[in-house]
Amino acid sequence: GAAVAQWLAARYGPIMGALPPMLDVVSFVHGIVGTWPMQKIADAVWGVGNNMLPLWNPYMPRGAKPLKVPEPKPAAAAERKQVVYLPSCVTRSMGPARGDEAAAGEPVHAKFL
């Protein structure tokens, strides 16, 4: 376990850069084949992968879009939002799930800006 963690940590940037497009490909395939066939494919891949791969489910997130940092707007101190946003690998790699109407396509971090 520690050797795998060390290997991943040494390649964190490229891995995090590849994760959103991979999630988008999985979501794209789900959109084409549908939920039932996708679940059967995922179950087969998961079993062959010796349960080392994450098991897909219909709520799997799409990839996060690139972060666009808005220009700060001048505001009185009382009007400024009192939030400290610390990006994590989850909010920077995962977006809303396919069909998540409540998210309206908005990434998690955008709700804080």
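Everything discussed here concerns the structure shown above.
Quick caveat: nothing in here was measured; it's all calculated off a predicted structure.

Visitor: Would you mind going over the overall build of the chain with me for this structure?
Guide: What the chain contains, in helices and strands, is 4 helices and 2 strands. For the chain, the N- to C-terminal ordering of α and β elements is α-α-α-β-α-β. Looking at the chain as a whole, 17% of its 113 residues are labelled buried. The long-range fraction of contacts in the chain, counting pairs at least 24 apart against all pairs at least 6 apart in sequence, stands at 68%. When the accessible surface of the chain is totalled, it reaches about 8,500 Å², and 68% of it is carbon and sulfur.

Visitor: Hey, could you run me through the side chain of His30 in this one?
Guide: Positionally, His30 belongs in helix H2 (residues 12-33). The class of His30 is buried, set by a relative accessible area of 9%.

Visitor: For this particular structure, what's the right way to read H2?
Guide: An α-helical turn contains 3.6 residues, so any two residues separated by three or four positions project in the same direction. Here H2 spans 31 Å end to end across 22 residues, near enough to the 32 Å set by a 1.5 Å rise per residue. The largest bend along H2 measures about 25° and falls at Leu19, with the proline Pro20 one to four residues further on. Within H2 the residues assigned to the buried category are Met16, Pro20, Leu23, Ser27 and His30.

Rules and cut-offs
Residue indices begin from 1 for each chain and proceed along its sequence in written order. Predicted model: local features are reported for residues with pLDDT of at least 70 only, side-chain atom pairs are reported and counted for 80 or more only, and whole-chain, interface and lining totals are derived from all residues. Excluded from the side-chain calculations are hydrogens and water; all other atoms, namely the structure's heavy atoms, are used. Starting at the N terminus, helices and strands are each numbered in turn, a helix being any DSSP run of H or I of at least four residues and a strand any DSSP run of E of at least two. The buried label applies to any residue whose accessible area, calculated with a 1.4 Å probe on protein chains only, is under 20% of its type's maximum; exposed applies above 50%, and partly exposed to all values in between. Residues are treated as being in contact if the distance between any of their heavy atoms lies within 4.5 Å. Surface accessibility in these figures is a Shrake-Rupley result with a 1.4 Å probe; residues are shielded only by whichever protein chains are displayed. Expected helix span is taken as 1.5 Å per residue step, with the number of steps being one fewer than the number of residues. The bend reported for a residue corresponds to the angle between axes fitted to the seven residues ending at that residue and the seven starting there.

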